[in-house]
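Examining the three-dimensional arrangement
Below are the chains, spelled out letter by letter.
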Amino acid sequence: MHTQHGKKRQADFQVIAQWVAEGERVLDLGCGRGVLLQYLKQTKGVYGVGVDIDFDKILSCVKRNVPAYQGDVNEILACFQDNAFDRVIFSRTVEQFDDPDATLQEGLRVGKKVTVGFVNHGYWKNRINSALHGSRTINEVYPDPWYASIPANPFSVAEFEDYCMAKNIRITQKAYLAGDWKSERALLPNLLAGYAIYDLAAS
Amino acid sequence: MNDSEQTAVISDEGEVGIVEYQDFVSSERFSFESGGSIPELRLRYETYGHLNEAKDNAILICHALTGDHHCAGVYSMDERKPGWWNFMIGPGKPINTSEYFVICSNALGGCMGSSGPGTISPETGQPYNLDFPKLTVRDMVRAQSMLIDSLGVDRLHAVVGGSMGGMQTMQWVIDYPERVGRYISLASCVRHNAQTIAFNDTGRQAIITDPAWQNGSYTAEKGPDKGLAVARMMAHITYLSDVGMENKFGRRRRASADEHFDVEFEVESYLRYQGRQFVTRFDANSYLYLTKALDRFDLHGPNSLEETLSAVSAPGLVVGFTSDWLYPPQGNRELVEALLRLGKDASYAELAMDYGHDSFLVRTPKLYDLIRTFLKR
């Protein structure tokens, strides 16, 4: 289970790495232990900065030689000038923001591009949990029952694309991963994609 | 499915043991940023560990306002208290003396053996007192760089400092970027805010208005002890935190207080003791000079924080402490945010501790891991 989760946790790495250009300046918001940035540093020679609220995560970043800032995502975004980074990454963090729209818009101000990766809650298995069992999804990625979980605001591929359209945010690239979060799957993404990754730009 | 990455904390820790200080003396005239000069420069310092053949394993430790060069070990087996950062420095400790050559000098302007207002001027045979030139953090760092030269060290593996030591650390990477491999600044700031200047001046006024101060020309036997003690008592409060003091003292009382204004509460007893102790080891004029140097320190100047920091090339780690209200987390973050705006390799970590500004002097596994890890990077 450990390795399975480890792989899942890094599901969007390969896709993001494909999209990142050589030597980009990258800001990873909710960077965790800095694994993605370390990977991008090694494979793409990026200048990357991670942001996380948790001390132990920052310590792990220091261990990985990844510059990291312990603090609030909105506060750090506010301190940067427009287009300070080539890319701002939100990998599985958007669902935890108090005001997702405001934070994403700030990301689009600070980054020339914004990369968002998230678990698609429109995925059919997630629907079955809800429809058949009347319960939230519990799996290796979300192992904890509701009473032991941090507040989260899950959304689906369709909801996210509706949001981008409503706010006039350009989707420049996208990738849908199947339920195993490995193979790419383009058909009926709102139903069949387990995970979705987007590259966004302000219009 | 454990998400944590534990650091192996098993280590054979030892002590640096008995240490002695040494004096670096330069007989060249030392000029200050303010334009003044002294005919001879003396810095008292200690070293632990060994300088390797490549001379690239030296770490410079910069002490806080009232700290000194004695940051590890003891002078004799009878000494009760080891150096001020003994838990951090030693064989197998985060600043590992089996690996690194550790240097710590008493700051210029201090009173523990380095040139300062209390030093006898070779020209007059009298203490400089207020004739000692106006002092800046840059002067302190330049003096240290001469010491480092004399030890044959071209490039330091790291510069590490807390509080005033953190300011010196930043001055190091600004003035000598090519001489520093990495740096750690703890519980520090890029400049004093109005509140900090206000506290410092209240302390200075306590000294200056003590009749024994004599415009700085007091004798060693009869100095402004009362003013200096009050300055220390007040400053000491700013080094602690509300919660920390509540936990340590609360409203606990002494057994008896005969007179109305005798010591009644434990916290009074503690602070008065701190004041009394301080005057036995610290010089009032040094206190005035050093606090003034810190009040004037301003990395926002002369043009902007970004411009000042643009020379920095070494990777840095800045550490703030949640309960520090003297140099609060915000000021530490400000530094890192500016470094990141410049595209520098800088990290910020924040520790939730109750010990106020002095948190960096308290041993905790997290700080231990952080410093050990960063120095190894």
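Residues numbered from 1 in each chain as written. Chains lettered and ligands numbered in written order. Predicted model: local features only at pLDDT ≥ 70, side-chain atom pairs only at ≥ 80, totals over all residues.

Our focus in this paragraph is the overall build of chain A. A tally of helices and strands in chain A yields nine helices and seven strands. Relative to the globule expectation of 17 Å for 203 residues, the C-alpha radius of gyration of chain A, 16 Å, shows essentially globular dimensions. Seen through its principal axes, chain A has C-alpha atoms that stretch 45 × 40 × 30 Å. When burial is assessed residue by residue, chain A has 40% of its 203 residues classed as buried. Pairs at least 24 apart in sequence give 61% of the contacts found in chain A among residues at least 6 apart. (Helix = DSSP H or I, 4+ residues; strand = E, 2+ residues; numbered from the N terminus. Rg over C-alpha atoms; globule rule 2.2 N^0.38 Å. Buried ≥ 20, exposed ≤ 12 C-beta atoms within 10 Å, placed from the backbone. Contact = placed C-beta atoms within 7 Å.)

To continue, consider the overall build of chain B. Tallying secondary structure elements over chain B gives 10 helices and 12 strands in all. Taken over C-alpha atoms, the radius of gyration comes to 21 Å for chain B, in line with the 21 Å a tight globule of 377 residues would show. Dimensions along the principal axes, computed over C-alpha positions, put chain B at roughly 65 × 55 × 50 Å. Relative to its 377 residues, chain B shows a buried fraction of 49%.

A few words now on the confidence of the model for chain B. In the predicted model, chain B carries a mean pLDDT of 95, and 97% of its residues have values of at least 70. Across the predicted assembly, pTM comes out at 0.94 and ipTM at 0.93. (pLDDT = per-residue confidence, 0-100.)

In this assembly, 23 residues from chain B lie in contact with 24 residues from chain A. For the side of chain B that touches chain A, the secondary structure elements donating two or more residues are helix H9 (329-341), strand E12 (346-351) and helix H10 (365-376) of chain B. The residue makeup of the side of chain B that touches chain A, split by class, is 10 nonpolar, four polar and nine charged. (Nonpolar A, V, L, I, M, F, W, Y, C, P; charged D, E, K, R; others polar.)

On to the pairing of E12(B). Residue and element names in this part refer to chain B. For E12, a buried count of six out of six residues is recorded, marking the element as mostly surrounded by other parts of the structure. A two-sided burial pattern is seen for E12, the buried positions comprising Ala346, Tyr348 and Glu350 on one face and Ser347, Ala349 and Leu351 on the other. Sheet topology places strand E11 (residues 316-321) next to E12; six bridges connect them, and they run parallel. Paired with Gly320 across the two strands is Glu350, which belongs to E12. The parallel pair E11 and E12, bridged by H9, forms a crossover whose chirality is right-handed. (Pairing = 2+ DSSP bridges. Right-handed = clockwise from strand over helix to strand, strands pointing away.)

A word on the packing of helix H1 (residues 137-150) of chain B against helix H2 (residues 164-175) of chain B. Residues and elements named next belong to chain B. Where H1 meets H2, the closest approach of the two axes is 9 Å, and the angle between their N-to-C directions is 70°. Accordingly, the angle class assigned to the pair H1 and H2 is roughly perpendicular. With respect to the hand of their crossing, H1 and H2 are arranged in right-handed fashion. Contacts from Val137, Arg138, Met140 and Val141 of H1 reach H2 at Met167, Gln168, Gln171, Trp172 and Asp175. (Axes fitted to C-alpha atoms, helices over the stretch in contact; angles between N-to-C directions. Parallel < 35°, antiparallel > 145°, perpendicular 65-115°, else oblique. Left-handed = near helix turned anticlockwise from the far one by under 90°.)

Residue and element names in this part refer to chain B. Burial analysis of strand E4 (residues 41-48) places seven of its eight residues in the buried class, which makes it a mostly covered element. In this sheet, strand E8 (residues 101-105) lies alongside E4 in antiparallel orientation, the contact comprising four bridges. Looking at E8, one finds that Thr47 is bridged to Ile103.

Moving on: the domain arrangement of chain B. How big an interface is tends to be expressed through the accessible area that disappears when the partners come together. Residue and element names in this part refer to chain B. What the domain assignment reports for chain B is domain 1 (22-192 + 297-376) and domain 2 (196-291). Taking the mean C-alpha position of each, domain 1 and domain 2 sit 25 Å from one another. In this complex, domain 1 contributes 21 residues to the contact, which on the side of domain 2 involves 18 residues. The residue makeup of the side of domain 1 that touches domain 2, split by class, is nine nonpolar, 10 polar and two charged. (Domains from an automatic or database assignment.)

Cis rather than trans, the peptide bond between B:Gly301 and B:Pro302 has omega equal to -5°. Counting through the fold element by element, B:Pro302 comes out in the loop between helix H7 (284-296) and helix H8 (305-309). In the Ramachandran plot, A:Asn65 falls in the positive-phi region, its phi being about 70° despite a non-glycine side chain. When you line up the elements, A:Asn65 lands in the loop between helix H4 (55-63) and strand E3 (68-70). Although it is not a glycine, B:Ala187 sits at a positive phi angle of roughly 45°. Take B:Ala187: it is sitting in the loop between strand E10 (183-186) and helix H3 (194-208).

What follows deals with the nonpolar core. Residue and element names in this part refer to chain B. Residues Ile59, Ile61, Val102 and Val159 are the most contacted members of the largest nonpolar core, which totals 157 residues. Split by domain, the residues of this core number at least three in each of domain 1 (22-192 + 297-376) and domain 2 (196-291). Beyond its immediate sequence surroundings of up to four residues, Val102 is in contact with Thr47, Tyr48, Gly49, Ile59, Ile61, Ile89, Ile95 and Thr97. (Core = buried A, V, L, I, M, F, W, Y, C linked by C-beta atoms within 7 Å.)

Here we come to the environment of B:Phe32. All names here are of chain B. In this fold, Phe32 is placed in the loop between strand E2 (30-31) and strand E3 (37-38). Here Phe32 falls in the partly exposed class, since 19 other C-beta atoms lie within 10 Å of it. Taking C-alpha positions, Phe32 is 14 Å from Ala107, a pair spaced 75 residues apart along the chain. For Phe32, the residues in contact, after removing those within four places along its chain, are Ser37, Pro133, Lys134, Leu135 and Asp139.

Residues and elements named next belong to chain B. Interaxial distance between helix H4 (residues 225-239) and helix H6 (residues 266-281) falls to 8 Å at its minimum, and their mutual angle equals 130°. Here H4 is positioned oblique relative to H6, judged by the angle of their axes. In terms of crossing hand, the pair formed by H4 and H6 is right-handed. The segment H4 lies against H6, with Asp225, Leu228, Ala229, Val230, Arg232, Met233 and His236 engaging Leu271, Arg272, Gln274, Gly275, Arg276, Phe278 and Val279. For the contact of H4 with H6, the residue count by class is seven nonpolar, three polar and four charged.

Residues and elements named next belong to chain B. Mapped onto the elements, His357 comes out in the loop between E12 and H10. Here His357 falls in the buried class, since 25 other C-beta atoms lie within 10 Å of it. Along the chain, His357 and Tyr327 lie 30 residues apart, while their C-alpha atoms are 6.7 Å from each other.

Residues and elements named next belong to chain B. With respect to the secondary-structure elements, Ser121 resides in the loop between E8 and H1. Sequence-wise, Ser121 and Arg253 are 132 residues apart; in three dimensions their C-alpha atoms are separated by 48 Å. With residues up to four places along the chain from it excluded, the contact list for Ser121 reads Gln126 and Tyr128.

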